[in-house]
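Residues per chain are reported as follows:
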Amino acid sequence: MTPAVRRLLVPLALALLAFAPATARAEVRGSLLMHDGWEFADQAEGPWQTIEVPHVMDPEPTSAVWAGRVAWYRLRFQGPKTQDGHAWSIRFDQVRRRADVFLNGREIGTNSDPYTPFTLPARGLQPGKENVLVVRVDNRRTPGWREGWWNWGGITRAVHLVPRGRVELRDTGLLSEVSCEGVCRAQVRLDTWLTNRTGEPVRPLVAVRVQGPDGTTAQRTMRVRSVAPGETARVQFGVPVEHPELWTPERPALYDATVQARIGRRVEHAEQSRVGLRTVTVDDGRLELNGRALDLRGTSIQEDVAGRGPALTDGDVEEIVRELKSVGANVTRAHYLLDDRLLDRLDEEGILVWSQAPVYHRDAQLKTPGQRSHELGVVRNTILADRNHASVVTHSVANELTAQPDTKRTSRVWLENAAALAHDLDPTLPVSIDILSYPRIPRQTTYDAYDMLGINSYYGWYEGKLNRSTADIDDLAPYLRTMRAKYPRKALVITEYGAEATGPGPAAVKQTYAFQADYIKRNLDIVDRLGFMGGAIYWTTREFAVKPFWDGGAHPPSRDSIHNKGLISYGGKVKPAFAVVQKEFKATPLYRDDPQAVARAQLSEPRSLVLRTLLLVGVLGGVLGLLVLDAWCLRAIWRSWRPQGEGQVVPLRRAA
């Protein structure tokens, strides 16, 4: 695709995506949580059993349920009172995999993205009467699709009844724009879509109010241009904030924000959220938070609890946060959008998030325009749902697509469009892509559109491919140096590394606790020695269900469905490597300009420093020695052949 064609197609793609189903995650004032009174059945006719939502259809990861099935959910609820001109929507935070939704016997919509929220208009809702909501959930796997986690099914996150005014906002973003040159200046940048639901043109007002931790407020109101009936308009403007208190992991200051859409004096729509003011940039290959270079150390997570899968309780959310804090993680990562409750807590605790859209090994799903559009929608929905969270430091658009997108046109086109889309939806954060770490891959110009590269490295664990071996961990440092040479201005972070561990044994044997602990230590030592690396994120904190008869890389004689690379077992047992990681993480300062970090960097390569010094001394000594030898030889030759006095000839001696 030529640059000229791309300039034409990217705005068109963005315009089309603007009219995709709404996914706003800010809490709409007046919304109702729908978690009690649900029923579940294997068939539409029942029998029905009472449950609570979130809920997973089959909580035990056995091979018998891996392929998925169809089940039904039902909720009877009293329709709330509704003002004239107002209506309601139903927001599902997550349904895995496909959802067909019916209200009072009428289908109101479907959704086939199992990892991002979606909202459907509650057409036919009867105020003051009993209403029946039915959801058909189908989690049967699509042949050929790859995912690195269990095939869970169900209404796995919260459901909300959301009011809709005569004008309504959706996908509201409150983005942080900060500039600190001497004095910090900041503004909250509103980015939202406003829809006119009336039968006549309107010019509504949009107001933003922000209140800081110290109680000071900032606000701004803007009148929107005339919006035709049924039209959706994008609304963007900034709200200056004086004397901003910046969000940092050490002090995660959050501002309470309210956004309103009004017609005249009547509030038609109101949303509330909490945002943080901070700046995240990539400068000369360094990931920086508020102008300070980061050195990330963390562990990834999968939302998977034994007996409940991804249907997390509030207690499960707190346990995930507790484990991250206990191990000393300053960052975490997942292969899909995290639960909003968990993102809220990470905001509050100051734990950074490497956020990623669940476009996982999907080159085969990027072949047609329709497929590429669908996956762009996945990226869009993920970014719109997490861009209000201060803990999120990057938007990664995909995980482990082809290692050579320059040679695969459909993947290259999609990656270029995904980067453009991400930069448009959130220009305040770096955009990244997480890649396979095979050696001897030429520089890919496709990555020019990205600010950061996440490197999934299993050197010393997986064997790799023919002529692209990753079997030796000693090859990791040379590989990372070549990546730095190819992409000198991009931030590089190891986004995955890990080793399976299920029992005791010697450190030289894979699958043992000792091997895992040693493997982690060796990886972190390499990252420490390479000062250009932005950090490393271990895969994962806790074990999770992945697929039946999982191999894991060590080819064990007995196999289960559990991904055993976690520092904590699926049942909750802490492995010895946890203490190793905890010690390493807590000894590594978050910022590279921290005095402890500077001292650590100076001592990070003692062996290589000594070797380089000895080599330099040896080379200089050798050169000097050769010069001395050459001089002595020339002097000897000259003394042997030069004339011994003016006009004299030295006679040759006769042999005895």
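Residues numbered from 1 in each chain as written. Predicted model: local features only at pLDDT ≥ 70, side-chain atom pairs only at ≥ 80, totals over all residues. Heavy atoms only, no water.

Visitor: Just to check I follow, could you spell out the layout of surface pockets for this structure?
Guide: Picture a little ball the size of a water molecule; that probe, rolled over the atoms, points out where space is still empty. What the largest pocket holds in volume is close to 900 Å³. Contributing to the lining of the largest pocket are 37 residues, with R146, H361, E400, L436 and Y462 lying nearest its centre. Across the lining of the largest pocket, the residue classes tally to 14 nonpolar, 13 polar and 10 charged. Lining the second largest pocket are 31 residues, with E27, H160, D340, R341 and D344 positioned closest to its centre. Looking at the lining of the second largest pocket, the elements that each hand over two or more residues are β18 (266–275), α3 (340–349) and α4 (369–386). Of the residues that constitute the lining of the second largest pocket, the class distribution is 10 nonpolar, 7 polar and 14 charged. (1 Å grid on protein atoms, 1.4 Å probe; cavity = no way out; pocket = protein on both sides within 12 Å on 5 of 7 lines; lining within 4 Å. Points joined across faces, edges and corners; volume = space filled by probe spheres on them. Nonpolar A, V, L, I, M, F, W, Y, C, P; charged D, E, K, R; others polar. Helix = DSSP H or I, 4+ residues; strand = E, 2+ residues; numbered from the N terminus.)

Visitor: Can you walk me through the packing of helix α2 (residues 314–327) against helix α8 (residues 576–586) in this structure?
Guide: Working note: a packed helix pair is described by the angle between its axes plus the distance between those axes. Running from N to C, α2 and α8 point in directions that differ by 65 degrees, and their axes come no closer than 8 Å. By the angle class used here, α2 and α8 are roughly perpendicular. Contacts from E323, K325, S326 and V327 of α2 reach α8 at F578, V581, Q582, F585 and K586. (Axes fitted to C-alpha atoms, helices over the stretch in contact; angles between N-to-C directions. Parallel < 35°, antiparallel > 145°, perpendicular 65-115°, else oblique. Contact = heavy atoms within 4.5 Å.)

Visitor: Help me understand the sheet that holds strand β14 (residues 205–211) in this model?
Guide: By definition, the strands of a sheet pair up through backbone hydrogen bonds, in either a parallel or an antiparallel sense. Strand order across the open sheet formed by 5 strands is β1-β18-β17-β14-β15, with antiparallel pairing between neighbours. The two strands at the open ends of the sheet, each matched to only one other strand, are β1 (27–28) and β15 (217–223). (Pairing = 2+ DSSP bridges.)

Visitor: Sorry, what's going on with the state of the cysteines here?
Guide: The bond known as a disulfide is covalent and runs between the sulfur atoms of two cysteines. Following the criterion strictly, the structure yields 1 disulfide and no others. The partner cysteine of C180 in its disulfide is C184, sulfur to sulfur 1.8 Å. A torsion of 110 degrees about the S-S bond marks the disulfide between C180 and C184 as right-handed. Judged by its relative accessible area of 42%, C180 falls in the partly exposed class. Taking relative accessible area as the criterion, C184 reaches 27% and is therefore assigned partly exposed. (Disulfide = S-S within 2.5 Å. Buried < 20%, exposed > 50% of the residue type's maximum accessible area, 1.4 Å probe, protein only.)

Visitor: Where do I start with unusual backbone geometry in this structure?
Guide: Negative phi values dominate among residues other than glycine, just as trans dominates among peptide bonds. Geometrically, the link from V53 to P54 is a cis peptide bond, its omega value of 15 degrees lying close to zero. Inspection of the secondary structure assignment puts P54 in the loop between β4 (49–51) and β5 (70–78). In the segment running from R96 into R97, the intervening peptide bond is cis, with an omega of 5 degrees. Turning to its location among the elements, R97 is positioned in the loop between β6 (87–92) and β7 (98–103). Within the chain, D171 stands out as a residue other than glycine whose phi angle is a positive 55 degrees.

Visitor: What's the story with empty space enclosed by the protein in this structure? I'm lost.
Guide: Applying the stated criterion to the full structure yields 7 cavities of 30 Å³ or more. Its volume calculated, the largest cavity comes out at about 90 Å³. Per-element tally for the lining of the largest cavity: the top contributor is helix α6 (residues 476–486), with 3 residues. Across the lining of the largest cavity, the residue classes tally to 10 nonpolar, 1 polar and 1 charged. By volume, the second largest cavity is sized at about 60 Å³.

Visitor: So what exactly am I meant to see when it comes to α6 here?
Guide: Structural remark: α-helix, 3.6 residues per turn; residues separated by three or four positions point the same way. Listed in full, the buried residues belonging to α6 are L476, A477, Y479, L480 and M483. Looking straight down α6, one finds that the buried residues subtend no more than 160 degrees of arc, so they occupy a single side. Elements in contact with the buried residues of α6: β26 (431–436), β27 (452–456), β30 (491–496) and α7 (513–529). (Arc of directions from axis to C-beta.)

Visitor: Mind showing me how you'd approach the pattern of salt bridges here?
Guide: Oppositely charged side chains are able to pair whenever their charged atoms sit close together. All chains considered together, the criterion is met by 53 salt bridges. Between R286 and D283 there is a salt bridge; the shortest N-O distance is 3.7 Å. The residue R559 makes a salt bridge to D551 at a minimum N-O spacing of 2.8 Å. By relative accessible area, R559 is classed as partly exposed at 41%. One connected set of salt bridges, linked through shared partners, spans D256, R274, E318, K325, R345, E348 and E349. (Salt bridge = Lys/Arg side-chain N within 4 Å of Asp/Glu carboxyl O.)

Visitor: Any chance you could explain the packing of aromatic side chains here in plain terms?
Guide: For any pair of aromatic rings, the description consists of the separation of the ring centres together with the inter-plane angle of the planes. Within the structure shown, the criterion is met by 15 aromatic pairs. Considering the side-chain rings of Y115 and Y336, the 5.6 Å spacing of their centres and the 15 degrees angle between planes classify their relative orientation as stacked. Taken together, the residues Y115 in the loop between β8 (106–111) and β9 (118–121) and Y336 in the loop between β23 (331–333) and α3 connect sequence positions 221 residues apart. By relative accessible area, Y336 is classed as buried at 2%. Residues Y459 and Y479 carry aromatic rings whose centres are separated by 5.5 Å and whose planes lie at 35 degrees to one another, so their mutual orientation is tilted. Here Y459 is found in the loop between β27 and β28 (464–465), whereas its partner Y479 is found in helix α6, with 20 residues between them in sequence. Each member of the pair, Y459 together with Y479, is buried. Here a set of aromatic residues connected by ring pairs shows up, and it is made of Y115, W149, Y336 and Y360. If you follow R292 out to its NZ or CZ, it ends over the ring of Y591, 3.9 Å from the centre. Lying over the aromatic face of W461, K510 brings its terminal NZ or CZ to 5.1 Å of the ring centre. (Phe/Tyr/Trp six-rings, centres within 6.5 Å; stacked < 30°, edge-to-face > 60°. Lys NZ or Arg CZ within 6 Å of the ring centre and 35° of its normal.)

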